[in-house]
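# Survey of secondary and tertiary structure
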There are 2 protein chains.
Amino acid sequence: MSDDYRRVDEGALRDYTAAILRGAGMTNEGAGVAVAVLVASDARGIESHGVARLPQYMRLIDAGVLDAAATPAIEREGATTALIDGHNGMGQVAGDYAMRLAIAKARAHDVGVVAVRNSNHFGIAGYYAMLALEHNLIGLALTNSSPLVAPTGGRRPMVGTNPIAVAIATGDDQPFVLDMATSTVPVGRLEVYARKGLPLQPGWAVDASGEETHDAVAGRAGALLPLGGTAETGGYKGYGLGVLVDLLTGVLAGGLYGPLISGLWDATAPSDLGHLFLALNPAAFGPRDAFHERARDLIRRLKAGARAPGVDEILVAGEKEQRAVDDARAHGVRLYYSVARALDDLGQRFGVGNLLTHAEGSTG
Amino acid sequence: MSDDYRRVDEGALRDYTAAILRGAGMTNEGAGVAVAVLVASDARGIESHGVARLPQYMRLIDAGVLDAAATPAIEREGATTALIDGHNGMGQVAGDYAMRLAIAKARAHDVGVVAVRNSNHFGIAGYYAMLALEHNLIGLALTNSSPLVAPTGGRRPMVGTNPIAVAIATGDDQPFVLDMATSTVPVGRLEVYARKGLPLQPGWAVDASGEETHDAVAGRAGALLPLGGTAETGGYKGYGLGVLVDLLTGVLAGGLYGPLISGLWDATAPSDLGHLFLALNPAAFGPRDAFHERARDLIRRLKAGARAPGVDEILVAGEKEQRAVDDARAHGVRLYYSVARALDDLGQRFGVGNLLTHAEGSTG
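Summarised in this report is the structure supplied together with it. As the structure is a prediction and not an experimental result, all values here were calculated from the model.

## Quick notes on the packing of helix H9 (residues 288–303) of chain A against helix H8 (residues 235–253) of chain B
- Between H9 of chain A and H8 of chain B, the least distance of the axes is 9 Å, while the angle of their chain directions is 145°. As for the relative orientation of H9 of chain A and H8 of chain B, their crossing is right-handed in sense. Taken together, the residues of H8 of chain B that come into contact with H9 of chain A (itself represented by Phe291, Arg294, Ala295, Leu298 and Leu302 of chain A) are Tyr239, Val243, Asp246, Leu247, Gly250, Val251, Leu252 and Ala253 of chain B.
- Split by residue class, the contact of H9 of chain A with H8 of chain B holds 10 nonpolar, 1 polar and 2 charged.

Right under this line is the structure:
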């Protein structure tokens with residue numbers, strides 16, 4: 001596998017991709033925010049939401065359906081709440097702006113809730129939830145997304161993979177970070193399995209007739225199943241969570257929702273996605289240190305629990321990603337050669353050299 | 001099946017069970033609240049959390065590990081937040097009190113968050129979330145509970161079925177009400193399947209060695225699986241949600257959590273459960289009518305979606321339960337004879353007659 005990727009210094013990758021995004025019309029500040037989110041995704045081992053997506057963002061910008069230069073603005077505001085118009089800019093810019101506003105409100109009033117409309121794909125939801133951690137706040141981030149999931153009993157994709165992310169500090173360097181799509185698997189998983197000819201697991205997808213399928217190609221033609229799979233295995237709960245996210249994002253903020261959202265990376269119409277961000281001060285409910293101690297104690301107990309056969313370790317949400325970050329900091333971010341080549345193409349287009357030049361200080 | 005149950009007028013059932021709870025030492029007000037939650041559960045078709053649980057609550061009261069007479073009190077309060085000490089009383093009383101406080105705070109400040117510690121089983125989480133509806137607020141209710149679920153990769157029950165409930169008004173008589181345990185199925189399902197000798201579905205349970213099992217008796221000796229089942233089918237997401245609920249309830253409020261919580265209906269130690277309630281004003285983000293219209297439109301579109309073979313209708317969270325309520329209002333609440341007999345035993349003990357006498361005005 002190590003032949004497939006190279007290692008690139010995180011800072012160098014940020015600098016290079018920021019130069020590309022500035023070339024595409026983003027402001028200095030906006031490009032800095034966007035690449036912080038994208039590269040954090042790669043560092044966390046979630047390559048599907050990282051810099052590999054730059055060519056797709058670029059196609060939306062080129063088609064004029066995403067305004068790279070846009071900056072978000074407050075449309076409506078109260079002491080604890082706000083509505084942000086993303087002005088059809090990069091979702092990362094609107095997301096970062098909105099989460100920081102929620103944090104400011106929580107610092108003043110113990111809780112802040114900020115909704116965003118007229119936005120685009122914002123990358124990993126966990127990034128925004130984690131912004132709360134440095135302020136000793138609990139962070140929550142939700143977004144709706146292109147329809148890929150069938151409702152329980154349905155056979156067409158009508159709900160996004162609508163992720164839920166929550167970050168909770170524990171007083172050490174291992175926060176609890178849940179960042180989960182409300183489908184069983186991401187759509188990229190079906191693409192990989194289709195390419196490799198591998199059978200799907202139960203609960204992943206239905207075919208175009210609505211029957212559960214283990215055939216990846218048939219699944220791509222059908223729809224993802226919500227977390228829980230079919231009705232018999234609790235899929236209506238994952239479906240319920242997906243609709244909940246839609247109600248709290250696009251529906252609440254006044255953007256698009258459910259089947260009204262255009263297809264993934266569709267370059268014919270603006271996305272008008274909705275997000276929701278919440279920050280909450282745990283110290284409003286009692287001493288922070290005691291809260292952290294209880295959180296660490298729960299995590300310790302879970303990890304010390306009796307394991308199933310063949311299991312080396314019980315993990316807690318965010319632990320695997322934190323290890324990927326530690327690895328990326330020490331050895332550089334893993335970047336597939338195919339992705340590096342695509343970035344170099346963009347770099348050439350915008351006259352910012354190639355990644356290798358930029359990444360000379362790389363540890364890879 | 002109709003031989004198994006009778007129909008009892010909802011009000012009569014409330015009056016009768018309230019009389020029992022007053023006999024057990026609850027205040028008038030407390031008993032009224034507790035039976036409102038319990039009977040609402042029966043009316044919604046969730047008998048597992050309804051008046052059938054009265055004998056179990058009674059055993060906790062008799063054992064002196066639950067204080068029937070207790071009233072909750074504010075321990076800590078800010079403009080938008082509060083911490084409630086449930087004083088080891090009935091969870092319904094603390095839950096109702098705390099949710100109404102969260103609602104009052106949201107009416108004043110657009111959002112309110114109230115945590116509860118030192119509480120007991122509070123019945124269905126959806127009841128509290130739905131209290132927000134009559135104030136045109138979005139309601140959320142969480143509680144931790146006795147460990148029944150194995151962490152992904154584990155083989156012992158260490159996390160509760162920790163439910164998540166969210167209620168969102170849509171401007172008509174069909175609100176969106178998601179009320180879901182974060183396990184695939186409730187533990188009662190295994191009990192029923194064990195009794196009937198039926199095989200479990202995939203993703204429901206592991207045996208004591210940590211292997212997934214389709215044997216209900218083996219599952220009872222092992223643990224429930226989180227929503228999503230095993231790791232391959234996304235079970236780490238349900239496990240993550242269960243731990244999230246623990247962190248936002250027992251851990252945040254300063255109660256017990258995870259494996260520290262005593263067994264279900266264990267009468268040897270106080271439960272010290274934690275709950276969390278949140279109310280949010282959707283009108284803070286834009287006109288309420290437009291929000292409701294978008295919510296109804298999303299629900300209409302989901303219901304009108306293409307269906308899988310053999311599926312009569314696509315449902316949205318809360319729809320099935322609302323139909324059960326309509327049926328209960330028209331024809332009386334379904335009450336299994338075994339449950340009615342258990343209630344009559346309690347009625348006799350506290351000198352409040354039997355259910356039939358109380359339910360003379362019943363439609364059943």
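## As for the sheet that holds strand E7 (residues 176–180) of chain A
All names here are of chain A.
- Spatially, E2-E3-E4-E10-E5-E6-E7 is the arrangement adopted by the 7 strands of the open sheet, whose pairing is mixed. Single-partner strands in this sheet number two, and they are strand E2 (73–77) and E7. Each neighbouring strand pair of the sheet contributes to a mean axis angle of 15°, computed without reference to strand direction.
- In terms of strand pairing, E2 meets strand E3 (residues 81–85) through 4 bridges, oriented antiparallel. When the sheet's bridge partners are listed, Ala73 is paired in E3 with Asp85.
- Across the sheet, helix H4 (residues 91–109) touches E2, E3, strand E4 (111–119), strand E5 (138–143) and strand E10 (273–280), and the angle it forms with E4 is around 160°.
- Against the sheet, helix H8 (residues 235–253) makes contact with E3, E4, E5, strand E6 (164–168), E7 and E10, and its axis sits at roughly 100° relative to E10, the strand it touches most.

## A closer look at the pairing of strand E11 (residues 333–336) of chain A
Residue and element names in this part refer to chain A.
- Here E11 shows one buried face, formed by Val333 and Leu335, and one open face, formed by Arg334 and Tyr336.
- For strand E1 (residues 5–8) and E11, the ladder comprises 4 bridges, and the chain directions are antiparallel. By the bridge assignment for E11, Arg6 is matched with Leu335.

## Comments concerning the relation of the copies chain B and chain A
- Placing chain B over chain A gives an RMSD of 0.0 Å and needs a rotation angle of 180°, together with 0.0 Å of translation along the axis. Such a turn and shift between the copies fits a two-fold axis. Among all C-alpha atoms of chain B, that of Gly228 of chain B lies closest to the rotation axis, at 2.1 Å.
- In this assembly, 100% of the residues forming the interface of chain B have copies in chain A that are likewise at the interface, indicating an isologous arrangement.

## Regarding the environment of Pro186 of chain B
- Inspection of the secondary structure puts Pro186 of chain B in the loop between strand E7 (176–180) and helix H6 (187–196).
- Put simply, Pro186 of chain B and Asn88 of chain B are 98 residues apart on the chain and 24 Å apart in space, counted from C-alpha to C-alpha.

## Quick look at the pattern of salt bridges
- As enumerated under the stated definition, the model contains 34 salt bridges over all chains in all.
- Arg323 of chain A is paired through a salt bridge with Glu319 of chain A; the nearest N and O atoms lie 3.2 Å apart. Within this pair, Arg323 of chain A and its partner Glu319 of chain A are both found in helix H10 (residues 319–331), separated by 4 residues, close to a single helical turn.
- Here Glu319 of chain A falls in the buried class, since its relative accessible area comes to 7%.
- With its nearest N and O atoms 2.8 Å apart, the salt bridge here joins Lys105 of chain B to Glu77 of chain B. Separated by 28 residues along the polypeptide, Lys105 of chain B in helix H4 (residues 91–109) and Glu77 of chain B in strand E2 (residues 73–77) bring together distant segments of the chain.
- For Lys105 of chain B, a relative accessible area of 6% puts it in the buried group.
- Ionic contacts of the salt-bridge type, sharing partners, join the residues Glu293, Arg296, Asp297, Arg300 and Arg301 of chain A into one network.

## Comments concerning the interface of chain B and chain A
- Contact with chain B, which involves 83 residues of that partner, is made by 83 residues of chain A.
- Taken together, the links from chain B to chain A amount to 0 salt bridges.
- Of all the secondary structure elements, the ones that give two or more residues to the side of chain B that touches chain A are strand E3 (81–85), strand E4 (111–119), strand E6 (164–168), E7, H8, strand E10 (273–280) and helix H9 (288–303) of chain B.

## Quick notes on the side chain of His292 of chain A
- On the secondary structure map, His292 of chain A appears in helix H9.
- Ignoring sequence-local partners within four residues, the contact set of His292 of chain A consists of Asn136, Ala169, Thr170 and Gly171 of chain A.

## Some thoughts on unusual backbone geometry
Residues and elements named next belong to chain B.
- Even without a glycine there, the phi angle at Asn88 is positive, about 60°.
- Its place among the elements puts Asn88 in the loop between E3 and H4.
- The class of Asn88 is buried, set by a relative accessible area of 12%.
- Phi is positive for Trp265, close to 60°, though the residue is something other than glycine.
- Tracing the chain through its elements places Trp265 in the loop between H8 and E10.
- Take Trp265: its relative accessible area is 17%, and that puts it in the buried class.

## Notes on the packing of aromatic side chains
- Counted under the stated rule, the structure contains 14 aromatic pairs over all chains.
- Note on Tyr57 of chain B and Trp265 of chain B: the rings are 5.0 Å apart at their centroids and 85° apart in plane angle, and the pair reads as edge-to-face. With Tyr57 of chain B in helix H3 (residues 54–62) and Trp265 of chain B in the loop between H8 and E10, this pair connects stretches of sequence that are 208 residues apart. Of the two residues, Tyr57 of chain B and Trp265 of chain B, both sit in the buried class.
- Pairing Phe122 of chain B with Phe277 of chain B gives two aromatic rings, centres 6.1 Å apart and planes at 40°, and the pair type is tilted. Taken together, the residues span a long stretch of sequence, with Phe122 of chain B in the loop between E4 and helix H5 (125–131) and Phe277 of chain B in strand E10 at a distance of 155 residues. The pair formed by Phe122 of chain B and Phe277 of chain B is uniform in burial state, with each residue classed as buried.
- These aromatic residues form a ring-pair network of at least three members: Phe122, Tyr127, Tyr128 and Phe277 of chain A.
- Sitting above the plane of the Trp204 of chain A ring, Arg189 of chain A keeps its charged end 5.7 Å from the centroid.

## Focus: helix H2 (residues 28–43) of chain A
Residues and elements named next belong to chain A.
- The end-to-end C-alpha distance of H2 is 22 Å, a good match for the 22 Å that 16 residues give at a rise of 1.5 Å each.
- Most of H2 is tucked away, with 13 of its 16 residues classed as buried.
- In the segment just after H2, Gly45 is the residue with positive phi, at about 85°.

## Quick look at empty space enclosed by the protein
- With the rule as written, the count across this model stands at 5 cavities of 30 Å³ or more.
- Counted as a void, the largest cavity has a volume near 480 Å³.
- What lines the largest cavity is a set of 25 residues, among which Leu140 and Leu248 of chain A together with Leu140, Val166 and Leu278 of chain B lie closest to the centre.
- Looking at side-chain class alone, the lining of the largest cavity contains 25 nonpolar, no polar and no charged residues.

Procedures and definitions
- Residues numbered from 1 in each chain as written.
- Chains lettered and ligands numbered in written order.
- Predicted model: local features only at pLDDT ≥ 70, side-chain atom pairs only at ≥ 80, totals over all residues.
- Heavy atoms only, no water.
- Axes fitted to C-alpha atoms, helices over the stretch in contact; angles between N-to-C directions.
- Helix = DSSP H or I, 4+ residues; strand = E, 2+ residues; numbered from the N terminus.
- Left-handed = near helix turned anticlockwise from the far one by under 90°.
- Contact = heavy atoms within 4.5 Å.
- Nonpolar A, V, L, I, M, F, W, Y, C, P; charged D, E, K, R; others polar.
- Pairing = 2+ DSSP bridges.
- Buried < 20%, exposed > 50% of the residue type's maximum accessible area, 1.4 Å probe, protein only.
- Least-squares fit on C-alpha atoms with pLDDT ≥ 70 in both.
- Salt bridge = Lys/Arg side-chain N within 4 Å of Asp/Glu carboxyl O.
- Phe/Tyr/Trp six-rings, centres within 6.5 Å; stacked < 30°, edge-to-face > 60°.
- Lys NZ or Arg CZ within 6 Å of the ring centre and 35° of its normal.
- Expected span 1.5 Å × (residues − 1).
- 1 Å grid on protein atoms, 1.4 Å probe; cavity = no way out; pocket = protein on both sides within 12 Å on 5 of 7 lines; lining within 4 Å.
- Points joined across faces, edges and corners; volume = space filled by probe spheres on them.

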